[in-house]
Amino acid sequence: MDFTKNLNPMQKEAVLHTDGPLLLLAGAGSGKTRVLTHRIANLIQSGVNPFNILAITFTNKAAKEMKERVNSLIPYGEVWVSTFHSTCVRILRRNIAKIGYENSFTIYDADDSERLIKQAMKELNFNDKLLKPKSVMAEIGSQKDNMISYEQFEIIAGSDFRLSKISQIYTYYQKRLRANNALDFDDIIFLTVKLFRDCPEVLVGYQERFKYILVDEYQDTNTSQYELIRLLAGKHKNLCVVGDDDQSIYGWRGANIRNILDFEKDFENATVIKLEQNYRSSKTILEAANAVIKNNHSRKSKSLWTDNNEGENIEFYKAQSDLDESRYITEQIEQNVLNGGKYSDNAILYRQNALSRSIEDSLVKNNIPYRIFSGVRFYERREIKDILAYLRLIHNPFDDISGRRVINVPKRGIGEASVEKILRFSTEQEISFSDALVICDNIEGIGTRHKKIKEFAVLIEELRDFSVNNNVSDLINQILEKTGYILELQAENSDEALGRIENIDSLINKAHEFEKESEDKTLNAFLEEVSLVADVDNYTDDDDTVVLMTLHSSKGLEFPNVFIPGFEENIFPSYRSLMSQSSNDLEEERRLCYVGITRARENLCLTSATSRLQNGQFVYNMPSRFLEEIPEDIVNSTRQNIGVSMKTINTIPAKKPNISFKTNNYDTINSTSKNSDINFKIGDKVKQIKYGNGTVIAISQEEVTVAFDGLGIKKIKPQLLKRKH
DNA sequence: TTACTATGGATTTTT
DNA sequence: TCCATAGTAA
C-alpha cells in the first residue's frame, strides 16, 4: 500500500524518511498527525517490527487517536503509543526496585503533593504565609523538571535564605515520598532518567527495543523529558520529533523551547522538514494568526499559507460589560444555530477559567447546551478523591497522605490532633501508616481514641482482604457500604450531595469499563489509569454542545467558530506577563493567542469588555494589544452603544434562582441544576430550545414527560427545560 | 472534636 | 464572587 497518496511533497518526504534524526516543523493545521501516522505505517511496511517503534505524546487523547489511526492503516502488530508519563510508569513498574522504591508505588497528583508540602512545612515549623506551599511546590517541580535532585539543590541553594528553606522542604518532601512509596508527576520522568543513568544495562535494553522513536508536541518537552528522549534514542538515533515553536505555551511548566530550536545542534545530520500548508483555516484567519505571531522574535522562520477560501472577516465586539459580552456571544451562537449550524461547531476559549462564569450563566439562561472542560476535574472532586484515597490506602499501606484524607471521612471522631500523633508515631517507628493504626494503643496521649482508630484499622484490613479476590468495582461498592459514605450523602439530601452520588456512580461505571477493557485488571492498574488522565482526554464531539475551555486545553483541537472573550490587556496578555521583566512571558502569551486564533476554521470572534466584574471588583481594561497586531482591514469592529446595552442589562433578572451544585464537566451535559428550578409539577408550562412550548404531563426520577405544542410527547431531562410563566 | 464565622487570596496546568 | 483556611465558641 502507498502511504503517500494524497500527501503534499513535504508531507511525502516526511513519511518516506526512515533512518536518522528528523525534525518536523509542523504549523497549526498542517496535517501533522496524518504525517506521523503514515510515517509509522510506512516504517512497518518497509520491514520495521512494530515492537521496535515508540511514539510519545503528551495527552492520552492524542495517544489514543494516533493508535487508532495507525491501526486503521496497518491493522496488525502493536505499536507502543503512549504519553510520556504512561511510558515512564510502565518502565518504572518493571525496574524501579533498582533505584530503591517498591514497584507497587502510588502516584500522587498535584493536590496530594501540596498536602505533603504543607505537612513538610508544618513539620519544619515554616510559616506558610511567608513561603506559600503552592510556590514551593512549583519550585520543587521545576528543579525536578531540570533533573536537579534535592542533594544537588541543597548545594545550589547555599546560604540564600529563601532557597535554603525550599531546599529543606524539598529534602523532607522527597524523603516522605520515598517512605510513602509514592511518586509525584515530576518524579515519574525524573526517576526514569535516573534509572537510565544509574543502570546502563536497563537503558541498553530499552535502546535496543525502541529502534524508532517519534515524539509529538516536541516544543513542550522540558529538560528531563528531553534527557529521556536523548538517552533512549542515543544508540540508533532514529528519532523523529514533531513540533511548532510558535505553539509552545507551557514554558511556565518547564517546557524548554531550546529543545526544538537547537534540535539540529543536538542531533547531528538532522533532516528538517517544514509543513507550512494549512488545511484548516480560512485565508483571513491565517493572515491574522501570522500577523500576530510575527511580532515574536525568538522563533524559527516559518509562514503558514492555505489554499482555502478567503472566508469571513474577524469579528471584534467591544462590550460594555462582561454581561453584555456573554449576551453577545450567546446571541451569536444562537444565530449560528438558526443558520443551520450545530452547537458543537462553536467553541468559547478563554485565558482564565474564571471567565467562563458569566458565559455559563448566559448559556444556561438561554437553554444552550454546553460542555465545559477544565475547571474542577473529575478525578479532583472531593468525593472521587475520597474513594480513590481508600483504594490507595488499601493498595499501599504506607500511603499516609491517602490515609490521612479518609481516616475521618465519614466522621469517626478522629481529629487532627490524633492524626498528627499517628503520623509521628509511624515515622519514628519506621512502620507503615496502616501498621501504626493497628498498634495505636502504644501511642502516647492517644487516650480513649484508640478504640475508634482500631475500628478504622480493622475496616481497612477487611477491605484489603476483600480486594484480594474481588474486582475494583465490587471493592468500591464494598467501601461505600462499609463506610456508610453514600448514606451520609443521602442524609444530607441536598442537590450538591446528589451530584456527588452521581459522580460516584460515574466512577463505578469507569471501573466497570476498566474491567471490561483492560488487560491488567488489578487495583494497581486501575489506580494508575485514573491518576494519569486529564480533562481534555474526555473531549469528544459526539454531543451537540457548545464547548468551553481554556486556550491552553484547546491546543490540538479545531472548531468552525471560535470565540475568545476577555481579549483585553491584563487578561490576555495576562497581568503577570505584562509585569514580568522578561519579554519571554509576553511572547508566550502571544503564542497562546496564535494557538487560539488557529483553532478556528471559518469564523473567529474576539470580544472585550470595557468594565468587568473580577474577583468581586470592577476592572476596566483596554482591548488587547494583540488586536492591534491584526490588520485593520480584516476585522469588523462593533462597539456596544450604551443606551442599548443598559436596556439589555435591565432585562436580566437581578437574582439567579436556586443556585445549586456545579457539575462542570465529564459526562454531564449542560450545567444541570444551575438552571432554574428543576422541580416541575404536572401541568407546568415549559419551554425547550428545540421543541418549543409544552406542558408537563408526567415526572419520573430523571426525566420529565412533556406534551409539546404540536410536536407530540417527549421525555426530557429537567435541566434542559425552562419554566414558562 | 466539631461547627460556626471571619479573613484573605485568587493565571494558564498536557500528567 | 467564591473558595479554602484560621480562629473561636460550644
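Quick note: structure is the one above.
This report concerns the structure included in the present document. (Residues numbered from 1 in each chain as written. Chains lettered and ligands numbered in written order. Predicted model: local features only at pLDDT ≥ 70, side-chain atom pairs only at ≥ 80, totals over all residues. Heavy atoms only, no water.)

1. Side note on the overall build of chain A
A count of helices and strands for chain A gives 29 helices and 21 strands. Put simply, chain A has 725 residues, and 55% of those count as buried. A separation of at least 24 residues holds for 74% of the contacts in chain A among residues at least 6 apart in sequence. With the model as given, the accessible surface of chain A reaches about 32,400 Å², and the carbon-plus-sulfur share is 49%. (Helix = DSSP H or I, 4+ residues; strand = E, 2+ residues; numbered from the N terminus. Buried < 20%, exposed > 50% of the residue type's maximum accessible area, 1.4 Å probe, protein only. Contact = heavy atoms within 4.5 Å. Areas by Shrake-Rupley, 256 points an atom, 1.4 Å probe, with all protein chains shown as cover.)

2. Here we look at a nonpolar patch on the surface
Together, L613, F618 and Y620 line one region of the surface with nonpolar side chains, adding up to about 380 Å² of accessible area. With respect to the element layout, Y620 can be found in the loop between β15 (617-619) and α28 (625-629). (Patch = residues over 30% accessible without salt bridge, like charges linked within 9 Å, V, L, I, M, F, W, Y side chains within 5 Å. Salt bridge = Lys/Arg side-chain N within 4 Å of Asp/Glu carboxyl O.)

3. Side note on the packing of helix α17 (residues 382-395) against helix α21 (residues 450-469)
Packed helices, taken two at a time, are described by the angle between their axes plus the distance between the axes. Packing of α17 against α21 brings their axes to within 9 Å, and their N-to-C directions diverge by 80°. Comparing the axis directions of α17 and α21 gives the class roughly perpendicular. On α21, the residues that touch Y390, L393 and I394 of α17 are F456, I460, L463, R464 and S467. Residues of the contact of α17 with α21, tallied by class, amount to 6 nonpolar, 1 polar and 1 charged. (Axes fitted to C-alpha atoms, helices over the stretch in contact; angles between N-to-C directions. Parallel < 35°, antiparallel > 145°, perpendicular 65-115°, else oblique. Nonpolar A, V, L, I, M, F, W, Y, C, P; charged D, E, K, R; others polar.)

4. Some words on the sheet that holds strand β2 (residues 53-57)
Taken in spatial order, the 6 strands line up as β3-β2-β6-β7-β1-β8 in an open sheet, and their pairing is parallel. If you trace the sheet from one side to the other, it starts and ends with β3 (80-83) and β8 (271-275), each paired once. Across this sheet, the average inter-strand angle for adjacent strands is 15°, counted without regard to direction. As defined by bridge partners, β2 adjoins strand β6 (residues 212-215) across 4 bridges and the pair is classed as parallel. Following the sheet pairing, L54 is matched in β6 by I213. Of the strands in this sheet, β1 (22-26) and β8 are in contact with helix α1 (residues 9-16), which crosses β8 at around 145°. (Pairing = 2+ DSSP bridges.)

5. Focus on the packing of helix α9 (residues 185-198) against helix α10 (residues 200-209)
The interhelical angle for the contact between α9 and α10, taken along N-to-C directions, is 105°, at an axis separation of 5 Å. Accordingly, the angle class assigned to the pair α9 and α10 is roughly perpendicular. Facing L195, F196, R197 and D198 of α9, the residues of α10 in contact are P200, V202, L203 and Y206. Of the residues that constitute the contact of α9 with α10, the class distribution is 6 nonpolar, no polar and 2 charged.

6. Some points on the protein's contact with DNA strand C
In the neighbourhood of DNA strand C, the contacting residues comprise K118, D128, R357, N615 and G616. Near-protein atoms of DNA strand C (within 4 Å) split between backbone and bases, with sugar and phosphate holding 33%. Within the side chain of K118, an N or O atom sits 2.8 Å from a phosphate oxygen of DNA strand C. Between DNA strand C and the protein, one listed contact pairs a base oxygen with a backbone N or O atom of N615 at 3.1 Å. For the surface near DNA strand C, the class distribution of residues is no nonpolar, 2 polar and 3 charged. (Near = heavy atom within 4 Å. Polar contact = N/O pair within 3.5 Å; in protein donor to acceptor, adjacent residues only side chain to side chain.)

7. Some thoughts on the pairing of strand β14 (residues 600-614)
Two elements, strand β9 (residues 314-321) and β14, share 6 bridges in a ladder whose sense is parallel. Following the sheet pairing, E315 is matched in β14 by C605. With 5 bridges connecting them, strand β13 (residues 559-564) and β14 associate as parallel partners. Note on β14: the bridge partner recorded for I564 is L606. Here 3 bridges tie β14 to β15, and the two strands are oriented antiparallel to one another.

8. Looking at the packing of aromatic side chains
With the rule as written, the count across this model stands at 13 aromatic pairs. Ring plane angle 50° and centroid distance 5.9 Å describe the contact between F196 and Y206, whose orientation is recorded as tilted. Here F196 is found in helix α9, whereas its partner Y206 is found in helix α10, with 10 residues between them in sequence. Ring centres 3.8 Å apart and planes at 0° place the aromatic pair Y317 and Y328 in the stacked group. (Phe/Tyr/Trp six-rings, centres within 6.5 Å; stacked < 30°, edge-to-face > 60°.)

9. Some details on the pattern of salt bridges
All told, the structure shown has 49 salt bridges when counted by the stated rule. E65 is paired through a salt bridge with R69; the nearest N and O atoms lie 3.1 Å apart. Residue E65 and its partner R69 are located together in helix α3 (residues 60-73), separated by 4 residues, close to a single helical turn. Relative accessible area serves as the criterion here: at 32%, E65 is assigned to the partly exposed category. Of the residues examined, R69 reaches a relative accessible area of 30% and is grouped as partly exposed. A salt bridge links E114 to K118; the shortest N-O distance between them is 3.5 Å. Here E114 and its partner K118 are both found in helix α5 (residues 110-123), 4 residues apart, which amounts to about one turn of the helix. What makes E114 buried here is its relative accessible area of 13%.

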